[in-house]
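# Reading the structure
Spelled out from the first residue to the last, the chains are:
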Amino acid sequence: MTKQRTAEQAVALIPDAAVVAVNSSSGLCCPDAVLAALGARFEQTGAPRNLTSVHPIAAGDMFGTKGVDHIAKPGLLAKIIGGSYPSGPSSAEPPLIWQMITANQLKAYNVPSGIVFDMLREGAGQRPGVLTKVGMQTFVDPDQEGCAMNDAAKSDPIVKRVEFEGDDWLYFQAIRPDVAIIRGSVADERGNISFENEGAYLGAMEMALAARNCGGLVIAQVKNVVQAGTIKAHDVRVPGNLVDCVVEAPDQLQTTATPFDPAISGAVIRPLSSFRRPPFDVAKVIARRVAQELKNGQAVNIGFGISANVPRILLEEGLHGQVTWVIEQGAVGGVPLLEFKFGCSANAEAYVASPHQFAYFQAAGFDASLLSFLQIDKQGSVNVSKLAAIPHRTAGAGGFVDITTRARRIYFSGYFNAGAKYAIEDGQLKITKEGKIAKFVDKVDQVSFSGERALAQGQQATYITERCVIELRRQGLTVTEIAPGIDLQSQVLDMAATPLQVADDLKVMDARLFQPEPMGLVLEPKV
């Protein structure tokens with residue numbers, strides 16, 4: 001008997017007050033047709049009501065995939081637990097989910113993505129919850145904000161500190177979903193799901209297993225349904241015994257604004273010459289300086305922002321393949337993609353499930369991480385997750401806290417302040433208009449990375465900007481390098497809203513960074 005249903009038939013099975021887990025990463029693997037049908041059902045019938053939605057990584061974005069905004073309706077949603085949220089330009093209208101969050105129309109939590117997957121895993125195993133060090137001394141910690149995004153959430157804490165075997169831990173209760181909504185490429189009539197056209201598996205299997213083991217419903221959206229028995233067993237990523245309903249959505253995109261790119265799914269290998277190189281500008285200077293820190297043979301995590309261009313620097317320098325890129329969505333190797341395709345890689349060497357990738361990150365199995373920053377304070381703590389004036393400008397923490405909690409080497413990259421204008425002339429950096437919003441401050445708006453904890457654990461943190469390089473040292477934030485053409489006092493020390501130390505052996509940044517031609521970069525071997 002076929003498990004194929006229309007989207008309307010499938011969502012009609014979702015009861016009031018259900019916990020609904022959704023497998024997606026912005027537009028990647030987003031089951032948009034099913035979410036649209038769920039929102040439409042509520043509009044037409046007023047049901048289901050008071051759902052809790054769970055999103056380890058954001059469902060949808062502001063660039064063409066509506067995702068969670070289909071169900072961002074008062075009465076339909078009562079609570080949302082998200083590793084990240086749709087984000088986009090400051091000038092755009094905030095997504096509906098952000099409007100609900102800021103209006104306290106539901107309880108909203110920003111829980112690190114890896115921990116959300118852990119909570120689902122513990123639910124699948126019928127265990128009580130997660131004990132973790134991830135997030136201690138950050139906004140995740142109940143001693144700070146406890147993951148609460150609004151006043152409504154503060155009244156219903158999601159995390160607490162507990163003592164276990166003589167040590168302090170953060171404890172998150174297991175999530176036991178009543179419904180899992182996942183997406184793949186092809187399903188057969190028995191509900192076996194393959195992912196051959198996707199750029200990641202994310203946590204589809206883990207989410208389906210959690211719902212099944214908790215007596216719940218599993219809905220799988222796919223592009224095509226085929227005859228039973230025609231998908232090879234090794235190609236099945238979610239077996240049919242875990243799936244209740246299959247919804248065919250022939251128009252589903254591979255990711256936002258991308259009908260299908262075979263390089264994202266590993267069907268073809270793109271020529272290296274086909275990848276766009278960054279234009280010669282200040283952002284490229286920063287990415288080049290980050291690249292100088294890498295070693296041949298390293299496995300390196302990469303995040304959104306300026307650091308996402310570092311793989312293109314290695315391409316330009318003829319060094320592709322000397323570093324293996326690992327991203328939270330699950331791709332290993334290849335070339336991570338940019339803009340709204342971020343989270344996908346072309347020419348990946350392997351795809352692993354996101355929960356496995358996060359276990360790798362949480363225990364610092366990798367060599368280094370390249371990340372961005374919104375603010376940095378005098379203790380070296382970093383905020384990437386909260387911009388109070390424009391909440392939707394940032395997606396929240398995502399996997400940032402999982403990645404940084406034990407990472408041995410972290411390189412944060414970004415502009416020294418906000419709003420400055422620059423020129424590069426004759427190998428010198430010129431500030432043509434100074435920025436007015438400091439990023440180096442006494443206290444960050446939200447602690448996404450704790451500098452104090454990093455020092456206690458022996459982690460090494462470096463902050464790379466266009467005008468200087470700063471290291472986290474026990475005596476404080478210390479300027480170790482300065483760009484040619486920049487005045488240390490007036491353009492660095494005076495422009496920070498918190499005191500900076502200066503290294504005794506202050507250096508000038510490599511002159512090659514400020515020239516348009518390739519640098520002749522050589523990566524020393526990993527020791």
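Here, the structure is the one placed above.
Owing to the predicted nature of the structure, the values given are computational and were not obtained by experimental measurement. (Residues numbered from 1 in each chain as written. Predicted model: local features only at pLDDT ≥ 70, side-chain atom pairs only at ≥ 80, totals over all residues. Heavy atoms only, no water.)

Another aspect to go through is the overall build of the protein. Along the protein, the regular secondary structure elements total 12 helices and 34 strands. Taken over C-alpha atoms, the radius of gyration comes to 23 Å for the protein, in line with the 24 Å a tight globule of 527 residues would show. Dimensions along the principal axes, computed over C-alpha positions, put the protein at roughly 75 × 50 × 45 Å. By the burial criterion, 58% of the 527 residues in the protein qualify as buried. Nonlocal contacts in the protein, meaning residues at least 24 apart in sequence, comprise 76% of its contacts between residues at least 6 apart. For the protein, the accessible area works out to roughly 20,300 Å², and carbon and sulfur atoms hold 50% of it. Averaged over its 49 positive side-chain charges, the protein has a centre that lies 1 Å from the centre of its 55 negative ones. (Helix = DSSP H or I, 4+ residues; strand = E, 2+ residues; numbered from the N terminus. Rg over C-alpha atoms; globule rule 2.2 N^0.38 Å. Buried < 20%, exposed > 50% of the residue type's maximum accessible area, 1.4 Å probe, protein only. Contact = heavy atoms within 4.5 Å. Areas by Shrake-Rupley, 256 points an atom, 1.4 Å probe, with all protein chains shown as cover. Lys, Arg positive; Asp, Glu negative; His and termini not counted. Charge placed at Lys NZ, Arg CZ, Asp CG, Glu CD.)

For the bond from A47 to P48, the omega torsion is -5°, close enough to zero to count as cis. Mapped onto the secondary structure, P48 falls in the loop between α2 (32–45) and β3 (51–55). One non-glycine residue, N104, lies in positive phi territory at about 60°. The exposure class of N104 is partly exposed, given its relative accessible area of 34%.

To continue, consider the sheet that holds strand β7 (residues 159–164). Taken together, the 3 strands give an open sheet; going across it, the order is β6-β8-β7, and neighbouring strands pair in antiparallel fashion. With partners counted over all chains shown, the strands left at the sheet margins are β6 (129–132) and β7, one partner each. Strand-to-strand twist across the sheet, computed as the mean angle between neighbouring axes with direction ignored, equals 35°. The pairing of β7 with strand β8 (residues 167–173) spans 6 bridges and is antiparallel. The residue bridging V162 from the neighbouring strand is W169, located in β8. (Pairing = 2+ DSSP bridges. Axes fitted to C-alpha atoms, helices over the stretch in contact; angles between N-to-C directions.)

In this model helix α4 (residues 113–124) runs 17 Å from its N-terminal to its C-terminal C-alpha over 12 residues, within 8% of the 16 Å that 1.5 Å per residue would give. Burial runs high along α4: 11 of the 12 residues are buried. For α4, the complete set of buried residues consists of S113, G114, I115, V116, F117, D118, M119, L120, E122, G123 and A124. Of the residues trailing α4, Q126 is marked for its positive phi of about 55°. (Expected span 1.5 Å × (residues − 1).)

Turning our eyes to something else, we now look at the packing of aromatic side chains. For the structure shown, the criterion picks out 15 aromatic pairs. Their ring planes at 55° and their centres at 5.7 Å tell us that Y85 and W98 sit as a pair that is tilted. Highlighted residues: Y85 in the loop between β4 (77–82) and α3 (96–102) and W98 in helix α3, separated in sequence by 13 residues. Here the aromatic cluster, defined as three or more aromatic residues joined through ring pairs, consists of F117, F358, Y360, F361 and F366. A cation over a ring is seen here: K133 above W169, with NZ or CZ 4.7 Å from the ring centre. The ring of F275 is capped by R270, whose NZ or CZ atom sits 3.8 Å from the centre of that ring. (Phe/Tyr/Trp six-rings, centres within 6.5 Å; stacked < 30°, edge-to-face > 60°. Lys NZ or Arg CZ within 6 Å of the ring centre and 35° of its normal.)

To continue, consider the side chain of H70. Here H70 lies in the loop between β3 and β4. Of the polar contacts made by the side chain of H70, one reaches the side chain of D32; its length is 3.2 Å. Those residues in contact with H70 that lie beyond four places of it in its chain are D32, L35, A36 and G39. (Polar contact = N/O pair within 3.5 Å; in protein donor to acceptor, adjacent residues only side chain to side chain.)

Attention now goes to the side chain of E198. Checked against the element boundaries, E198 lands in the loop between β11 (193–194) and α6 (204–213). For E198, a relative accessible area of 5% gives the class buried. Those residues within four positions of E198 in sequence are excluded, and the remaining contacts are C29, R183, G184, S185, Q252, Q254, I264 and S265.

Here we come to the sheet that holds β11. Spatially, the 4 strands line up as an open sheet ordered β13-β10-β11-β14, and their pairing is mixed. At either margin of the open sheet sits one strand with a lone partner, and together these are β13 (224–226) and β14 (236–238). In this sheet, β14 lies alongside β11 in antiparallel orientation, the contact comprising 2 bridges. Looking across to β14, one finds that I193 is bridged to V238.

Next up on the list: the packing of α4 against helix α9 (residues 354–362). Interhelical geometry of α4 versus α9 gives an angle of 120° and a closest axis separation of 9 Å. With respect to their mutual orientation, α4 and α9 come out oblique. Of the two possible hands of crossing, α4 and α9 adopt the one that is left-handed. Along its contact with α4, which presents S113, G114, I115, F117 and D118, the element α9 presents S354, P355, F358 and Q362. Class assignment for the residues of the contact of α4 with α9 results in 4 nonpolar, 4 polar and 1 charged. (Parallel < 35°, antiparallel > 145°, perpendicular 65-115°, else oblique. Left-handed = near helix turned anticlockwise from the far one by under 90°. Nonpolar A, V, L, I, M, F, W, Y, C, P; charged D, E, K, R; others polar.)

This next bit is on the pattern of salt bridges. All chains considered together, the criterion is met by 24 salt bridges. A salt bridge links E122 to R121; the shortest N-O distance between them is 2.7 Å. On the accessibility criterion, E122 (7% relative accessible area) is buried. The salt bridge involving E466 is made with R467; its shortest N-O contact spans 2.9 Å. Taken together, the shared-partner salt bridges connect D118, R121, E122 and R127 into one network. (Salt bridge = Lys/Arg side-chain N within 4 Å of Asp/Glu carboxyl O.)

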